[in-house]
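A look at the structure
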Amino acid sequence: MTDLSAQKRLAADVLDVGKSRVWFDPERQADIADAITREDIRELVDEGAITSEEKRGNSRGRARERAEKRSYGHRKGQGSRKGKKGGRKNRKEDWQSRIRAQRRTLKELRDEGDLDASEYRALYDQASGGEFDSVADLERYIENNY
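In what follows, the accompanying structure is described. Predicted, not measured: the structure shown is a model, and the values here were computed from it.

Rules behind the numbers
- Residues numbered from 1 in each chain as written.
- Predicted model: local features only at pLDDT ≥ 70, side-chain atom pairs only at ≥ 80, totals over all residues.
- Heavy atoms only, no water.
- Helix = DSSP H or I, 4+ residues; strand = E, 2+ residues; numbered from the N terminus.
- Rg over C-alpha atoms; globule rule 2.2 N^0.38 Å.
- Areas by Shrake-Rupley, 256 points an atom, 1.4 Å probe, with all protein chains shown as cover.
- Lys, Arg positive; Asp, Glu negative; His and termini not counted.
- Charge placed at Lys NZ, Arg CZ, Asp CG, Glu CD.
- Buried < 20%, exposed > 50% of the residue type's maximum accessible area, 1.4 Å probe, protein only.
- Polar contact = N/O pair within 3.5 Å; in protein donor to acceptor, adjacent residues only side chain to side chain.
- Contact = heavy atoms within 4.5 Å.
- Phe/Tyr/Trp six-rings, centres within 6.5 Å; stacked < 30°, edge-to-face > 60°.
- Lys NZ or Arg CZ within 6 Å of the ring centre and 35° of its normal.
- Axes fitted to C-alpha atoms, helices over the stretch in contact; angles between N-to-C directions.
- Parallel < 35°, antiparallel > 145°, perpendicular 65-115°, else oblique.
- Core = buried A, V, L, I, M, F, W, Y, C linked by side-chain atoms within 4.5 Å.

1. Comments concerning the overall build of the protein
The number of helices and strands found in the protein is eight helices and two strands. Mapped in sequence order, the helices and strands of the protein form the string α-β-α-α-β-α-α-α-α-α. Here the C-alpha radius of gyration of the protein, 33 Å, is well above what a compact globule of 146 residues would show, namely 15 Å. With the C-alpha coordinates aligned to their principal axes, the bounding extent of the protein is approximately 95 × 40 × 20 Å. Approximately 11,100 Å² of the protein is accessible, and the part contributed by carbon and sulfur atoms is 42%. Charge separation in the protein, taken as the distance between the mean sites of 33 positive and 30 negative side-chain charges, equals 10 Å.

This is how it looks when you write it as structure tokens:
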């Protein structure tokens, strides 16, 4: 077995990778042993006798498992929390999603004819004032009062 450490060092520099990522074709070891200049190494790289192995990254498998668990509420208890309530769930975004859902529901009810224009306007203004916590709350109010 020939000592190819000098060639490995040169190849690592030419390929711009670490020595551990340099791969020599076992069939071409004699040619590689004869290569003593950077130009020789470059030719062998072009021929495919010397290549660089893929960079090994960190596996995301465990992260995906955790994300899947969190998607249905696991691993989200008090001991896992760092930020304040508003840091974990933005109050403005929460309000936007709730008010948009309520306004969408009001428009549907108006277009279907369940609400007339004045009822729609009164309920719209109440929703804008934060009267209803959710679409279900809004529908409950409509059921009891209209």
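2. What about unusual backbone geometry?
Even without being a glycine, Asp16 presents a positive backbone phi close to 60 degrees. Judged by relative accessible area, which is 71%, Asp16 ranks as exposed. Phi angles above zero are rare outside glycine, and Arg75 is one such case at about 60 degrees. Among the secondary structure elements, Arg75 is positioned in the loop between helix H4 (61–71) and helix H5 (85–88). Classification of Arg75 as partly exposed rests on a relative accessible area of 48%.

3. Digging into the side chain of Gln102
Tracing the sequence through the fold places Gln102 in helix H6 (residues 91–112). On the basis of relative accessibility, which here comes to 1%, the residue Gln102 falls in the buried class. Looking at Gln102, its side chain comes within polar contact range of the main-chain oxygen of Phe132, at 3.2 Å. Setting aside its immediate chain neighbours within four residues, Gln102 contacts Ala127, Phe132, Asp133, Ser134, Val135 and Leu138.

4. Considering the packing of aromatic side chains
One pass over the structure, following the stated rule, counts three aromatic pairs. Ring geometry for Tyr120 and Tyr124: centres 5.7 Å apart, planes at 45 degrees, overall tilted. Of the two residues, Tyr120 and Tyr124 both sit in helix H7 (residues 117–128), four residues apart, roughly one turn of that helix. Tyr124 shares its class with Tyr120; the two are buried. Through a chain of ring-to-ring contacts, three or more aromatic side chains come together here, namely Phe132, Tyr141 and Tyr146. The ring of Tyr120 is capped by Arg110, whose NZ or CZ atom sits 4.3 Å from the centre of that ring.

5. Examining the packing of H6 against H7
The geometry of H6 relative to H7 is characterised by a closest axis approach of 10 Å and an angle of 175 degrees between their N-to-C directions. Here H6 lies roughly antiparallel to H7, going by the angle between them. Counted together, Trp95, Ile99, Gln102, Arg103, Leu106, Lys107 and Arg110 of H6 and Tyr120, Leu123, Tyr124, Ala127 and Ser128 of H7 form the full contact between these two elements.

6. Section: the nonpolar core
Formed by 13 residues in total, the largest nonpolar core has its most connected members in Ala11, Val22, Phe24, Ile32, Ile41, Leu44 and Ile50. Counting only elements with at least two residues in this core, the list comes to helix H1 (5–15), strand S1 (22–24) and helix H3 (38–47). When sequence neighbours within four positions are dropped, the list of residues in contact with Ile32 reads Leu4, Gln7, Phe24, Asp25, Leu44, Ala49 and Ile50. Of all hydrophobic cores here, the second largest spans eleven residues; its members include Leu106, Ala127, Phe132 and Ile142.

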